[in-house]
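Descriptive analysis of the structure
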Amino acid sequence: MHTTRTVPARPVLITGLAVTTAGLLLLTPHTAVAKPKPPVTREAPAVDEGAARAPETAAERALTGPAAPTADTGRGYPREQVLAPDPENPADKSIKLGLTPYHAIAPKLNAIQKLGDRVSVEVAGVSAGGHRLYLVTVTAPESAREARAQERMRELIENAPGRAAKDPSVKAGYKAPVFFNNNIHGNEWEGTDASLKLIERLATAKDHKTRDLLVHSRLYFNITANPDGRIAGTRANANGFDMNRDFVTASQPEVRAMRQIEIDKQPAVMLDLHGYVNGTLIEPTTPPHGENYEYDLFLKNTYANALGMESAVNGLGYTPAKDGVQPAQIPFRDQEEGWDDWPPIFTPQYAAFHGTVAAHTVEIPLTVNNAAYNTLPESELRRRSAINVDVAGAAIRATLDFVQSHRTSLVTDQIEVFRRGAAGATQVPVSEETVPGVPGIGPEDVYTTTFPRAYVIAGGSTAAARLVDHLLANDVRVTRATRDFRLAGRSYAQGSYVVDMHQPKRGLANVLLADGRDISDKVSVMYDISGWSLGRLWGATVEPVTSGGLNGVPLKAVEEAAPVGYVAPRGDLRLRLDDPQEIAALNSLLQQGVSVRRSADGSAIVPASARAKAAAAARTYDVVFDATKVTGTTELRRLRVAAAVTPGELFALREMNFEVTPVSTAVLNAGFDWSAADVLFVSAGLDHSALSPDARTALDAFLAAGHGLVGRGVTGADLSTVAGLLAAKPVEGNGDANGVVRVVNSGQVTSGAPDHGFVYAPVWFTDLGPGVRVEQSYATGNPLVSGHWRELEDGSGGPAQAAGQASVVSSSGAVLFGTEPLFRDHPKGEFAQVARALFTVAHARGGTGEESG
């Protein structure tokens, strides 16, 4: 058992972890202290995000570059290129800290490349705001033939790990890949500068140690993963996303670029450099540990490297009395819970599924962001930043020392990760015997799972095609049945997709597709979300097959999902509205002026005269337009949505092609033209009581005129109550609770939705008044399938209290959600519920959808 205990922080999402006071968390070596529990922090309203976007010309130039790095086996190293400069930006928030502004990075990399033949730069992608992402490779020169040999060994390690383990050329000649990811949170700057300093030194160092390091390893540096936020001093990118929560969904271009780096470079070791926790926090973490990766191999290497980083950071000589710097801490050793590695949404935890056997978040010590940035003297900020750069540099250098001394065993363990997956081997539970050298391992650290033999994904739907393409983009192998087949006593149709779980990256396949696990009884609170499931939340029909074999099953490997887009050749057309891509197709047609009507079952009826436009939409969105003789009733018109929502919700609405204008209390108080909106969606950032008299009058008039309201959570419900739109009492569950829940759909708004939903700080509705319809309820029994949902200390707020209660309710002018159907752009199968709600309330009380003036 761990010998110390700390009170864990509450979940923190978009804003930073509140664990420092004036930058200092008073810790002594190897001893954890209680941290104050900050209030639950939810995603900030989207309208308040202010991350930088590149000037239009810079964005256009950047977008002409490659979307992501690709394996280039035809070229050796170095692969130098001259980067075009970015316009100088004196408003870059890095400047005040004495750090490298974004516009200075390209010239600096150009200069470093000229210093020798060890440094190569490529554009790994483009940020949401149009800024280039620079991936720097540092290694000893390689001929094209040598580079091809390295690529062959990399592929052998993943694709034939049994052979790789016995191949003497791999042991002797494979260069260990190491990945340093910097600045994924834009206002945690210093990893970028530490990496730039180290790259410059490695470019010219003549000592034997450096030469040996670069002969036996390739070092990859993502210089800034979030240039938008770096420039603007925001945690999020220009779309308002905390990208260190996006790796399951990969909604953001920066995350897709990082994902491709993981796939193409296959690092054995990685650091993700963050701030700010004093003393420097160095993972591995406290329980619960992700049950889908090979934790014995991960813990062995991650803990060993953590010890080296701790020694290097403490060896810098900074002290609490002199510098305000506390000794480093390793949560696995120094804390009992509160900083976990359960969800794969974080960069290091995601990396583990691509064979990274030592992966760390490193939180450097001294706070320079948020309130500190605006209140501390510039001289103090620069002193702190200089120390932070020094600390980040020490962590990086210690990791290089670890790689240099453990290259063979690191590569061996990476091979073993893939071998276990391909062989379908049983996981090895951690213990002091299986992971020698790591003290304090107890039963609370043991998390394993039973992998199914396969998953079958029913083919032929838009949702299935989206899910399959997402799996393939994550380097999960998928096959498709060429004829009907039976598996484990069940019959499946030709065209079904099969994910064979005997594959190198089985952990990633399972963490994406499995239901997950209810861990409510394991720890008191979780740092972030605890449940997710593409199998339950993305709209496809996914079935685990727990027994049997695949020999004789007629399967063919696929590189992309088979298209399902179709338009009936004759007659009027019917488009189901159960999927976000169907909603996007509908909105595309409405934007083109196509006359569309809604049928009694909620589908969209498109006239035969619009067949050509429907065909284009079918190709673009991969959706089906069936023939129908139903004429439809209510005319559907293009909606203009005013939205006080989170960044994830805003992004999801725009993915569905809604025309959205973000609003907030401040926007309405400044004067908002309600004639430019047809319907209002509220979940965050709009407080009716804080509105000015004029703003309140204008909002009330908009709602009273018959424009509908869609609300989520208590914020949306409160506005509905004030406006007198829907008689229902919202009941708040535990604010820390989150996960996948079972639901029962019973109304038109939720028609066609999956029987699972997602919650974070769940809400349910009681005391329903006349005319209020229950569209969806939490299932009876324990509705939680996976995640973390406990009762509060007084016995309220738990899943037992929510069971059977209404989770979505509606009236003629409002729909209220107690679930989170658009959470972080993730639960794709839930999106259409919100779209149906918007169309329902906008038209039910006379909203026209017509443009004004």
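Our structure is the block above this text.
Residues numbered from 1 in each chain as written. Predicted model: local features only at pLDDT ≥ 70, side-chain atom pairs only at ≥ 80, totals over all residues. Heavy atoms only, no water.

**Side note on the environment of H826**
Spelled out, the test is: Per the convention used, a helix needs a DSSP run of H or I reaching at least four residues, while a strand needs a run of E reaching at least two, with both numbered from the N terminus. Should any heavy atoms of two residues lie within 4.5 Å, those residues are counted as being in contact. The term polar contact refers here to a pair of N or O atoms within 3.5 Å; inside protein, the definition further demands a hydrogen-donor-capable atom paired with an acceptor-capable atom, and it admits residues adjacent in sequence only when both atoms are side-chain atoms.
Positionally, H826 belongs in the loop between β34 (814-817) and α26 (831-844). In the structure, H826 is positioned 85 residues away from V741 in sequence and 15 Å away in space, judged by C-alpha atoms. Excluding anything up to four places from it in sequence, H826 contacts V248, T249, W532, S533, L534, L537, W538 and F831. A distance of 2.9 Å separates polar atoms of two side chains, one belonging to H826 and the other to T249.

**Concerning helix α23 (residues 693-704)**
Since one α-helical turn is 3.6 residues long, residues separated by three or four positions face the same way. Here is the rule we go by: To estimate the expected span of a helix, subtract one from its residue number and multiply by 1.5 Å. For every residue, the accessible area (1.4 Å probe, protein chains only) is compared with the maximum for its type, and the residue is labelled buried under 20%, exposed over 50%, or partly exposed between those bounds. By definition, the arc is the one covered by directions from the helix axis to the C-beta atoms.
Between its first and last C-alpha atoms α23 spans 16 Å; for 12 residues at 1.5 Å apiece the expected length is 16 Å, and the two agree. When α23 is considered as a whole, its buried residues turn out to be A695, L699, F702 and L703. Viewed end-on, α23 has its buried residues packed into an arc of 95 degrees, placing them on one side of the element. Exposed residues lying more than 90 degrees from the buried face of α23 are P693, D694, T697 and A704. On its buried face, α23 sits against α22 (665-669), β25 (679-682), β26 (708-712) and α24 (713-723). Positioned one or two residues after α23, G706 has a phi angle of 105 degrees, which is positive.

**Thoughts on the pairing of strand β33 (residues 806-810)**
Cut-off, in case you're wondering: At least two bridges found by DSSP between two strands are what make those strands a pair.
Burial of β33 is extensive: five of the five residues sit out of reach of the surface. Note that strand β31 (residues 773-778) and β33 share four bridges and pair antiparallel. Bridge pairing links R773 to S810 in β33. Between β33 and β34, which pair antiparallel in sequence order, lie three residues.

**Section: the sheet that holds strand β9 (residues 358-364)**
Strands belonging to one sheet form pairs held by backbone hydrogen bonds; the direction of such a pair is parallel or antiparallel. The criterion, for reference: Simply put, an axis is a line fit to the C-alpha atoms, just over the touching stretch for a helix, and the angle between two N-to-C directions goes from 0 to 180 degrees.
Pairing is mixed in the open sheet, where seven strands are placed in the order β1-β2-β4-β3-β5-β9-β6. What marks the edges here is a single partner per strand, and that holds for β1 (119-126) and β6 (281-282). Inspection of the sheet shows β1 paired to strand β2 (residues 132-138) by seven bridges, in the antiparallel sense. Note on β2: the bridge partner recorded for G125 is L133. Its contacts with the sheet put helix α6 (residues 190-204) on β1, β2, β3 (176-182), β4 (217-222), β5 (269-275) and β9, and the angle it makes with β4 is roughly 145 degrees.

**What to know about the sheet that holds strand β17 (residues 566-567)**
Spatially, six strands are ordered β17-β21-β18-β20-β19-β22 in an open sheet, and the strand pairing comes out mixed. Looking at which strands have only one partner, the edges of the open sheet turn out to be β17 and β22 (635-636). Direction of pairing for strand β19 (residues 596-598) relative to strand β20 (residues 604-606): antiparallel, over a ladder of two bridges. In the strand pairing of β20, R597 is matched with I605. Contacting β18 (572-575), β19, β20, β21 (624-628) and β22, helix α19 (residues 580-591) runs over the sheet at an angle of about 135 degrees to β18.

**Details of the nonpolar core**
Cut-off, in case you're wondering: Definition used in this section: a nonpolar core is a set of buried Ala, Val, Leu, Ile, Met, Phe, Trp, Tyr and Cys residues joined via side-chain atoms within 4.5 Å.
Counting residues in hydrophobic clusters, the biggest one holds 152 residues, and the most contacted among them are F221, I457 and V499. No other element matches helix α15 (residues 378-423), which puts 17 residues into this core.

**Quick look at the pattern of salt bridges**
In a structure, side chains of opposite charge can pair up when their charged atoms sit close to one another. Where we set the bar: The salt bridge criterion pairs a side-chain nitrogen of Lys or Arg with a carboxyl oxygen of Asp or Glu, the two atoms within 4 Å.
As enumerated under the stated definition, the model contains 44 salt bridges in all. Here R419 makes a salt bridge to E416, at a shortest N to O gap of 2.8 Å. Separated by three residues within a single helix, R419 and E416 lie in helix α15, roughly one turn from each other. Taking the shortest distance from any N to any O, the salt bridge between R466 and D579 comes out at 2.8 Å.

**Things to note about helix α3 (residues 144-159)**
Compared with the 22 Å implied by 1.5 Å per residue over 16 residues, the 22 Å span of α3 between its first and last C-alpha is a close match. Three or more residues of α3 are buried, namely A147, Q150, E151, M153, R154, L156, I157 and E158.

**Digging into unusual backbone geometry**
Along the chain, N278 connects to G279 via a cis peptide bond; the corresponding omega equals 10 degrees. Within the secondary structure layout, G279 lies in the loop between β5 and β6. A cis amide bond links P287 to the next residue, P288, at an omega of 0 degrees. Relative to the helices and strands, P288 is located in strand β7 (residues 286-289).

**Quick notes on the side chain of E254**
To keep it simple, the criterion reads: Under the counting rule used here, the positive set is Lys and Arg, the negative set is Asp and Glu, and His together with the chain ends is not counted.
For E254, the location among the structural elements is in helix α9 (residues 253-265). Buried and without a salt bridge, E254 has R256 as its closest oppositely charged side chain, separated by 7.1 Å. Here N237 takes part through its side chain, which lies 3.2 Å from a polar atom of the side chain of E254. Apart from the residues within four sequence positions on either side, E254 is in contact with V126, S127, A128, L133, A225, D228, N237 and M243.

**Thoughts on the packing of aromatic side chains**
Cut-off, in case you're wondering: Stacked, tilted and edge-to-face are the three classes assigned to paired rings of Phe, Tyr and Trp, where Trp is represented by its six-membered ring and a pair needs centres within 6.5 Å; plane angles under 30 degrees give stacked, over 60 edge-to-face, the rest tilted. Each ring is checked for a lysine NZ or an arginine CZ that lies within 6 Å of its centre and within 35 degrees of its normal; such an atom marks a charge sitting over the ring.
The full count for this structure, using the stated rule, is 21 aromatic pairs. On the numbers, 5.3 Å between centres and 75 degrees between planes, the contact of F241 with F651 is edge-to-face. Residue F241 is located in the loop between α8 (227-232) and α9, and its partner F651 is located in helix α21 (residues 647-655); the two are separated by 410 residues in the primary sequence. An aromatic cluster is defined as three or more aromatic residues linked by ring pairs; in this entry it consists of Y293, Y295, F298 and F353. Over the ring of Y77 we find R79, and its NZ or CZ is 4.0 Å from the ring centre. Across from the ring centre of Y373, 4.5 Å away, lies the NZ or CZ of K96, which sits over that ring.

**Some thoughts on the packing of helix α7 (residues 208-215) against α15**
The test is simple: Here roughly perpendicular refers to angles of 65 to 115 degrees, roughly parallel to angles under 35, roughly antiparallel to angles over 145, and oblique to all remaining angles. Handedness of a helix crossing follows the sense of rotation of the near helix relative to the far helix, less than a right angle counterclockwise being left-handed and clockwise being right-handed. Under the scheme applied, nonpolar residues are Ala, Val, Leu, Ile, Met, Phe, Trp, Tyr, Cys and Pro; charged residues are Asp, Glu, Lys and Arg; polar residues are all the others, including Gly.
Two numbers describe how α7 lies on α15: the axes approach to 10 Å, and their chain directions differ by 70 degrees. Considering their axes alone, α7 and α15 lie roughly perpendicular with respect to each other. Considering how the two elements wind past one another, α7 and α15 form a crossing that is left-handed. Taken together, the residues of α15 that come into contact with α7 (itself represented by K209, D212 and L213) are L400, D401 and Q404. In terms of residue class, the contact of α7 with α15 is built from two nonpolar, one polar and three charged.

None of this, on its own, says anything about what the molecule does.
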